Each structure stands twice: as structure tokens, then as C-alpha cells.
Amino acid sequence: LKEMNITLKDGAFTEKEDKRIRKNWKRYSRFYNVGYRDFFYIENSEIPDRRSFLKSTNFYAELARKLPWRSSCSVLQRARTILHPNYENHANYTKEQNEALINFVQEYGRKWAVIADELGRTPLSVGYRYKTLRRRKGRFSPEEHTAFIEAIKTYLKKSTESELLNVRVNEIAWSQVREQLPGRTFSQLKNHWFSWILKQTDINEYRKKIFKCLRFCVHNMGVSEYSDVDWEFVGECVGIDPYLARHVYYLAVNQFCKNVKEVSVLCKHVTQCNAHSFQSHDHYNGHMLEDGCTFFGFWCWQEWKNAKTGGGDLKV
């Protein structure tokens, strides 16, 4: 596909694509007289040689008919959800259903198709709900922090915490660390790692060096968009992990923008900064962090500093 310059479409399926999948399935199931469970419930399938049947009837090609920019795998996964008898059940999970879900997982294991029938949901829905229930929130407890540090030391074969200060985030096998801290996401683990590293160092010194480097990128390297920033270059200039440099930048600009009250719906530009009476322009792109905090692009920060402080460093 790459040699032919063909790029497959990804992302959410549109309503039109869902309609096409349903139409393809209806056409196929009527022609071969088969049902949903024959294909998506393997253990209950009434087809003797299911694999040969799928191949001989071109099932995957027929299901993806007139969807040329979607892969057969993505179409199959989407069909597994939207064709499920319980697909229309979008009601919120009740407390009783959450408890029942946990009990069913203990009884059946992670057989989402079986559990979905018990709860009147789709397999995808119960799978995601179980992950959400297992996810822990809030700060790490002292016990979790100890287990977190010990897991990293064990993986990297380090004996003291001081040896961890120069470790890059991509050198750590986060999947193995996560096994020691069930319920924590990769994002939570990495953010806790960054927070711990910054507590052992001088974050203010890092901020000055990072924004000095970003100023150089703007004026000497033609960087005009946040997505153009080479964080490997920034990390090398500052002498720290590139991921840590980006994290420090997020913290600094987020603190600067903490009093922003009015933001456009699509976060394309900031319309008002109440704390500093700063009026921005359309080319100042806004972004949203996962925790919902808003921050400016670094060029917005830099121009505000130049306008308000005469080019001096702003203490944050």
C-alpha cells in the first residue's frame, strides 16, 4: 500500500460507514442464511468448518464492500460492535451492574461476549467498563510510591534512587512496572515519574533553559507551530530527557494560563486571559491536556513576556 501511495483511513467510523456495514452484513447473512452468533460467538457457531466457510464465501471482503479506505480488520471490529443485539443499550452502568461485572469476571474470566449477554451490553462496552473500574485515581499513596520506585530499580538493576535521576523515560518497561501497580494507567505512571524526578532537581533552572532553547528555535530554526518543536533537540540542549523537558514546559505554561476563563469551543485560539488582560490572535493555537487544563503555544508565552517585561525572563 505504501508503494502505491495508498493511505488507509483511521479514526472513528461515520454514520454513513456504519450504515454501509449493516447493509453489507444484511446482504451477506440473507444470501448464506447465517446469523450474528455464527461469526462473532465462535463457541456457539453452528457452522462446522467456520474458517473454511469464511474463506470460501469471501466474508471479510463482503463485509468491507464499498469501504475502500478501511482495513478489513477495522471493519470487522466495528461490525462486531454495531451488529450486536445489545448495541442500542447506551444507559449508564448502575452500581449493581458494576458489582455484577466484577463478579462475572471472577467467575468467567475475561470472556466479554459471555458477560455481555448477562448484562445486556456489548462485549466492547463491558471490556472498557471493567478497565475503568480497575483504574485508580488520585495521588499515589506512600505504599504505591515505594512499590513504584522498587519496580523501576529492579527492572533497571539499580541499587539507589540517585542512579535513577539520569534515566530516560523510554528506557523503562512501563508494562512491567504497571504489573506491580494494578489499576494505574501508563499516563499516571509516567506523570508520577516526572513529578518524582522534578522533586529531586531544580525545576526553575530547567524552565529558564527550556524557554531559552525554545526562543532559539523560534528565531533561528523557523519553528512557528507547537507540533514543529524537536523535543529531542530541546532535551539535548538542556541536558535532560526530552519527555521531561516537554513535561516541564506543560507545567510552566499551564501555570501561566491557570486563570484563563474564556476559551473558544474548539480550542483554536484563546480569546481572553483574565489574569493579565492579554488579547490573543487567531494564530495562537490552544491545546487541551488530558486533565482538561488549557495552555498556550510557547510563541504566545514568549511574545507576552517580551511585551510585558521588555524581553526579560518571567518568573513562573
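Residues numbered from 1 in each chain as written. Predicted model: local features only at pLDDT ≥ 70, side-chain atom pairs only at ≥ 80, totals over all residues. Heavy atoms only, no water.

Undergrad: Tell me about the overall build of the protein, and please be specific about residues and values.
TA: A tally of helices and strands in the protein yields 15 helices and 4 strands. Looking at the protein as a whole, 39% of its 316 residues are labelled buried. If you take every contact in the protein between residues at least 6 apart in sequence, the share linking residues at least 24 apart comes to 57%. (Helix = DSSP H or I, 4+ residues; strand = E, 2+ residues; numbered from the N terminus. Buried < 20%, exposed > 50% of the residue type's maximum accessible area, 1.4 Å probe, protein only. Contact = heavy atoms within 4.5 Å.)

Undergrad: Outline the confidence of the model for the protein, supporting the account with residue identities and numerical values.
TA: On average, residues of the protein score 75 in pLDDT, and 75% of them reach the 70 mark or higher. The element-level mean pLDDT for the protein is lowest in strand β4 (residues 294-296), coming to 35, with helix α1 (residues 15-32) highest at 92. Low pLDDT (under 50) marks residues 259-305, which in the prediction has 98 contacts with non-local residues, meaning those over four places away or in another chain. Residue range residues 307-316 is modelled with pLDDT below 50. Its contacts to residues more than four positions away, or to other chains, number 16 contacts. (pLDDT = per-residue confidence, 0-100.)

Undergrad: Please set out the pattern of salt bridges residue by residue, giving values where relevant.
TA: Tallying each qualifying case throughout the model produces 7 salt bridges. Between Glu 17 and Arg 70 there is a salt bridge, with the nearest N and O atoms lying 3.0 Å from each other. Highlighted residues: Glu 17 in helix α1 and Arg 70 in the loop between α4 (59-63) and α5 (72-82), separated in sequence by 53 residues. Just as Glu 17 is buried, Arg 70 falls in that class too. A salt bridge links Arg 168 to Glu 232, with the nearest nitrogen and oxygen atoms 3.6 Å apart. Taken together, the positions of Arg 168 in the loop between α9 (142-156) and α10 (174-180) and Glu 232 in helix α13 (residues 231-238) put the pair 64 residues apart, joining distant regions of the chain. (Salt bridge = Lys/Arg side-chain N within 4 Å of Asp/Glu carboxyl O.)

Undergrad: Hey, could you go over the environment of Asn 89 for me, with residue numbers and the actual values?
TA: On the secondary structure map, Asn 89 appears in the loop between α5 and α6 (95-108). Along the primary structure Asn 89 and Thr 122 are separated by 33 residues, whereas in three dimensions their C-alpha atoms are 8.3 Å apart. If we ignore the near neighbours within four places in the chain, the residues touching Asn 89 are Gly 120 and Arg 121. A polar atom in the side chain of Asn 89 sits 3.4 Å from the backbone nitrogen of Ala 91. Polar side-chain contacts of Asn 89 include one of 2.9 Å to the backbone oxygen of Gly 120. (Polar contact = N/O pair within 3.5 Å; in protein donor to acceptor, adjacent residues only side chain to side chain.)

Undergrad: I'd like to hear about the environment of Leu 83, residue by residue, with values.
TA: With respect to the helices and strands, Leu 83 occurs in the loop between α5 and α6. Judged by relative accessible area, which is 16%, Leu 83 ranks as buried. The spatial distance from the C-alpha of Leu 83 to the C-alpha of Thr 122 is 9.5 Å, given a sequence separation of 39 residues.

Undergrad: Kindly report on the packing of helix α12 (residues 203-220) against α13, identifying the contributing residues and their values.
TA: Between α12 and α13, the shortest axis-to-axis distance is 9 Å and the interhelical angle comes to 130°. Of the possible angle classes, the one that applies to α12 and α13 is oblique. In this structure, α12 meets α13 at a crossing whose hand is right-handed. Touching Tyr 206, Lys 209, Ile 210, Cys 213, Leu 214, Phe 216 and Cys 217 of α12 are Trp 231, Phe 233, Val 234, Cys 237 and Val 238, all from α13. Looking at side-chain class alone, the contact of α12 with α13 contains 11 nonpolar, no polar and 1 charged residues. (Axes fitted to C-alpha atoms, helices over the stretch in contact; angles between N-to-C directions. Parallel < 35°, antiparallel > 145°, perpendicular 65-115°, else oblique. Left-handed = near helix turned anticlockwise from the far one by under 90°. Nonpolar A, V, L, I, M, F, W, Y, C, P; charged D, E, K, R; others polar.)

Undergrad: Go over the nonpolar core with me, naming the residues and quoting the values.
TA: Grouped together as the largest cluster of nonpolar side chains are 37 residues, with contacts concentrated most on Phe 148, Ile 152, Trp 174, Val 177, Trp 193, Ile 210 and Val 234. Among all residues touching Phe 148, those that are not within four sequence positions of it are Trp 174, Val 177, Leu 181, Leu 189, His 192 and Trp 193. Grouped together as the second largest cluster of nonpolar side chains are 18 residues, Val 34, Phe 39, Leu 54 and Leu 76 included. (Core = buried A, V, L, I, M, F, W, Y, C linked by side-chain atoms within 4.5 Å.)

Undergrad: Describe α9, naming the residues involved and giving the relevant values.
TA: The end-to-end C-alpha distance of α9, which contains 15 residues, comes to 21 Å, matching closely the 21 Å that a straight helix rising 1.5 Å per residue would cover. For α9, the complete set of buried residues consists of Glu 144, Phe 148, Ile 149, Ala 151, Ile 152, Lys 153 and Leu 156. Looking at the buried positions of α9, the neighbouring elements they touch are α10 and α11 (186-199). With its phi angle positive at about 60°, Lys 157 sits one or two positions after the end of α9. (Expected span 1.5 Å × (residues − 1).)

Undergrad: Give a detailed account of the packing of aromatic side chains, specifying residues and quantitative values.
TA: Aromatic ring pairs are reported here in terms of the distance separating the ring centres and the angle at which the planes meet. All told, the structure shown has 14 aromatic pairs when counted by the stated rule. When the ring of Tyr 28 is compared with that of Tyr 32, the centres are 4.8 Å apart and the planes differ by 45°; the resulting orientation is tilted. Highlighted residues: Tyr 28 and Tyr 32, both in helix α1, separated by 4 residues, approximately one helical turn. Both rings, one in Phe 31 and one in Tyr 32, keep their centres 4.9 Å apart while their planes meet at 80°; by these two values the pair is edge-to-face. Given the relative accessible area of 30%, Tyr 32 is considered partly exposed. Lying over the aromatic face of Tyr 93, Arg 121 brings its terminal NZ or CZ to 4.0 Å of the ring centre. Over the ring of Phe 140 we find Arg 184; its NZ or CZ atom is 4.2 Å from the centre of that ring. (Phe/Tyr/Trp six-rings, centres within 6.5 Å; stacked < 30°, edge-to-face > 60°. Lys NZ or Arg CZ within 6 Å of the ring centre and 35° of its normal.)

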